[in-house]
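# Descriptive structure summary
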Amino acid sequence: MSEQPRRPRRPAKPHRRPQKDPVRVLAFEALRAVDERDAYANLVLPPLLRKARERGGFEARDAALATELVYGTLRRQGTYDAILAACVDRPLREVDPPVLDVLSLGAHQLLGTRIPPHAAVSTTVELARAVLGDGRAKFVNAVLRKVARHDLDEWIERIAPPYDEDPEEHLAVVHSHPRWVVSALWDSLGGGRAGIEELLRADNERPEVTLVARPGRSTTEELLAEPSAVPGRWSPYAVRLAEGGEPGAVAAVREGRAGVQDEGSQLVALALAGAPLQGRDELWLDGCAGPGGKAALLAALAAGRGATLLAAEKQPHRAGLVARALAGNPGPYQVVTADGTRPAWRPGSFDRVLVDVPCTGLGALRRRPEARWRRRPEDLDTFAPLQRALLRTALESVRVGGIVGYATCSPHLAETRAVVTDVLKQHPEADLVDARPLLPGVPDLGDGPDVQLWPHLHGTDAMYLALIRRTG
């Protein structure tokens, strides 16, 4: 029998190197830093973008897309995790974190941007090949094709429990907040469904960049000359960059004459500075001054009245940031590295005292969206003793007739009214002062005497302020 001729072998396809998309690789690197090092995106992303620009070929639109991919993914992480869990054949915790980061980036492009689905899948698979390898890229491709079968609204309908059955879990999934955070915010806000949904939506919106013109060093007129700059809503020193922008490109910011500061933080400093006093008004204290934004504004306001600010910060590196923020202040000031619970000054030394205490940061989730996934209810127990100790020391540090401002960047009742109420029970010689008249023109300030600001009502971080006068 004659031998059959062999068919010629097809030549093997040459191995194609994955095409590295610098925008998506940068976004992936930022997410890995957030996950691996507990870094904050607002600290990690700027140096990555700067290096990319220095290498060349990385334009403004590339930076804008990378920023959207990072922050959009972090803000909607809880919703995307629930969707991905429905598309993966094992518990999500068993998926390697780098793979999950790539999948989340793909999910955001598919469900949270206008990128066409085929492009969202193909670019994410290409990213997976570049950073994870071919095997994992196939897994990414399979999962994202399942994600692409529905849009975000359809997925929400599938994965979120009905509001009537479990309102807190429904809101947690729909608005991508941990359930305990939804519950805490709802307790603080009060009211029905409409208000809490507006707040949660506001937490997921990109905040405007807000600048502060430091009195005696710059003016709002100077800052308003910048492209897209518009006046602040409430603070006379605030200017908003309505269309985004790089604060470092503003000369006054580069020179330290102006700074980046949320308008809520400005209002806290202004309210403390504006509270009426009897007698002298010569020495002010910022007892938790790092990183220096409020201290810089207070120092400038104090200088305008011939008063001096003492800025105290426990952490040496943060005290250095405070010193940098105050450099060039037109009046006298001093920066010290000191523990606010163990004061290095005599009792009753100050006329005005601010303690913006360490807290969970639940009021700044617009700016630090990853914080919502890091914080746990037990963190409240960690902060509680420190918050009370700082407020007690502040009341001991102010003179009779002087004013203490207790502030937090958290609306959680355990960090706001509960702290103030507990400390005042131990200090009958101190009384709350109505803070609302000291925020002129600001609406929706509640029943007082303390003040809670909200992103959805005021366009600020959810800052809390209680003003307390020492009466005896």
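Everything below is about the structure printed above this text.
A short tour of the structure in this document, coming up. (Residues numbered from 1 in each chain as written. Predicted model: local features only at pLDDT ≥ 70, side-chain atom pairs only at ≥ 80, totals over all residues. Heavy atoms only, no water.)

### Some remarks on the overall build of the protein chain
Summing up its helical and strand segments, the protein chain has 20 helices and 12 strands in all. Taking the principal axes of its C-alpha atoms as reference, the protein chain extends roughly 120 × 55 × 40 Å. Evaluated residue by residue, the protein chain yields a buried proportion of 53% over its 472 residues. Of the roughly 22100 Å² that the protein chain leaves accessible, carbon and sulfur atoms contribute 50%. The centroid of the 62 positive side-chain charges in the protein chain is displaced by 7 Å from the centroid of its 61 negative side-chain charges. (Helix = DSSP H or I, 4+ residues; strand = E, 2+ residues; numbered from the N terminus. Buried < 20%, exposed > 50% of the residue type's maximum accessible area, 1.4 Å probe, protein only. Areas by Shrake-Rupley, 256 points an atom, 1.4 Å probe, with all protein chains shown as cover. Lys, Arg positive; Asp, Glu negative; His and termini not counted. Charge placed at Lys NZ, Arg CZ, Asp CG, Glu CD.)

### Describing the nonpolar core
Leu26, Phe58, Val70, Val140 and Val147 are the most contacted members of the largest nonpolar core, which has 51 residues in total. Elements with a contribution of two residues or more to this core: helix H1 (22-37), helix H2 (41-55), helix H3 (60-75), helix H4 (77-85), helix H5 (97-112), helix H6 (117-131) and helix H7 (134-147). If you tally residues by element for this core, the top one is H1, at 9 residues. When sequence neighbours within four positions are dropped, the list of residues in contact with valine 70 reads Ala27, Ala30, Leu31, Ala41 and Leu45. Residues Ala269, Ala273, Leu277 and Ala407 belong to the second largest nonpolar core, which totals 42 residues. (Core = buried A, V, L, I, M, F, W, Y, C linked by side-chain atoms within 4.5 Å. Contact = heavy atoms within 4.5 Å.)

### Remarks on the packing of helix H18 (residues 379-397) against helix H19 (residues 417-426)
Contact geometry for H18 and H19: axes closest at 10 Å, N-to-C directions at 50°. The angle between H18 and H19 places the two elements in the oblique class. Judged by the twist between their axes, the crossing of H18 over H19 is right-handed. Contact residues: Gln387, Arg388, Leu391, Arg392 and Leu395 in H18; Ala418, Val419, Val420, Asp422, Val423, Leu424 and Gln426 in H19. Along the lines of polarity and charge, the residues of the contact of H18 with H19 split into 7 nonpolar, 2 polar and 3 charged. (Axes fitted to C-alpha atoms, helices over the stretch in contact; angles between N-to-C directions. Parallel < 35°, antiparallel > 145°, perpendicular 65-115°, else oblique. Left-handed = near helix turned anticlockwise from the far one by under 90°. Nonpolar A, V, L, I, M, F, W, Y, C, P; charged D, E, K, R; others polar.)

### Some points on empty space enclosed by the protein
Counted under the stated rule, the structure contains 1 cavity of 30 Å³ or more. Taken as a whole, the largest cavity spans an internal volume of roughly 40 Å³. Lining the largest cavity are Leu285, Gly287, Gly340, Trp345, Val353, Val355, Leu390, Thr393, Ala394 and Ser397. Residue assignment for the lining of the largest cavity shows that the elements contributing at least two residues are strand S8 (350-356) and H18. Tallying contributions element by element places H18 first for the lining of the largest cavity, with 4 residues. Here the residues of the lining of the largest cavity sort into 6 nonpolar, 4 polar and no charged. (1 Å grid on protein atoms, 1.4 Å probe; cavity = no way out; pocket = protein on both sides within 12 Å on 5 of 7 lines; lining within 4 Å. Points joined across faces, edges and corners; volume = space filled by probe spheres on them.)

### Examining a negative patch on the surface
On the surface, Asp151, Asp153, Glu154 and Glu157 cluster together to form a negatively charged patch. Mapped onto the fold, glutamate 157 is located in helix H8 (residues 152-159). (Patch = residues over 30% accessible without salt bridge, like charges linked within 9 Å, V, L, I, M, F, W, Y side chains within 5 Å. Salt bridge = Lys/Arg side-chain N within 4 Å of Asp/Glu carboxyl O.)

### Considerations on helix H9 (residues 167-175)
Where H9 is concerned, the buried positions are His170, Leu171, Ala172, Val173, Val174 and His175. Buried residues along H9 sit against H4, H8, helix H10 (179-189), helix H11 (193-203) and helix H17 (371-374). Backbone geometry just after H9 places serine 176 at a positive phi near 55°.

### Thoughts on the layout of surface pockets
Here the second largest pocket defines a volume of roughly 540 Å³. Lining the second largest pocket are 17 residues, and of these Asp35, Gln77, Asp81, Leu100 and Trp373 sit closest to its centre. Secondary-structure elements contributing two or more residues to the lining of the second largest pocket are H1, H4, H5 and H17. If you tally residues by element for the lining of the second largest pocket, the top one is H5, at 4 residues.

### What about the side chain of histidine 458?
Looking at the element boundaries, histidine 458 is found in helix H20 (residues 455-458). There is a polar contact of 3.4 Å between the side chain of histidine 458 and the backbone oxygen of aspartate 444. Beyond its immediate chain neighbours, meaning those up to four positions away, histidine 458 contacts Arg233, Trp234, Val442, Pro443, Asp444, Leu445, Gln452 and Leu453. (Polar contact = N/O pair within 3.5 Å; in protein donor to acceptor, adjacent residues only side chain to side chain.)

### Some points on the packing of aromatic side chains
By the definition in use, this model includes 2 aromatic pairs. Centroid distance tryptophan 345 to phenylalanine 350: 5.8 Å. Interplanar angle 85°. Geometry classified as edge-to-face. Taken as a pair, tryptophan 345 and phenylalanine 350 share a single burial class, namely buried. Ring geometry for tyrosine 406 and tyrosine 464: centres 6.4 Å apart, planes at 70°, overall edge-to-face. Within this pair, whereas tyrosine 406 is found in strand S9 (residues 398-408), its partner tyrosine 464 is found in strand S12 (residues 464-470), the two being separated by 58 residues in sequence. Neither residue differs from the other here; tyrosine 406 and tyrosine 464 are each classed as buried. (Phe/Tyr/Trp six-rings, centres within 6.5 Å; stacked < 30°, edge-to-face > 60°.)

### Comments concerning the pairing of strand S3 (residues 238-241)
Burial along S3 is two-sided: the residues Ala238 and Arg240 and Val239 and Leu241 are all buried. Where strand S1 (residues 209-213) lies against S3, 4 bridges are found, and the strand directions are antiparallel. Paired with valine 209 across the bridge in S3 is leucine 241. When strand S2 (residues 229-231) meets S3, the two strands line up antiparallel, connected through 3 bridges. If you follow alanine 229 over to S3, its bridge partner there is leucine 241. Between S2 and S3, which pair antiparallel and follow one another directly, the connecting turn spans 6 residues. (Pairing = 2+ DSSP bridges.)

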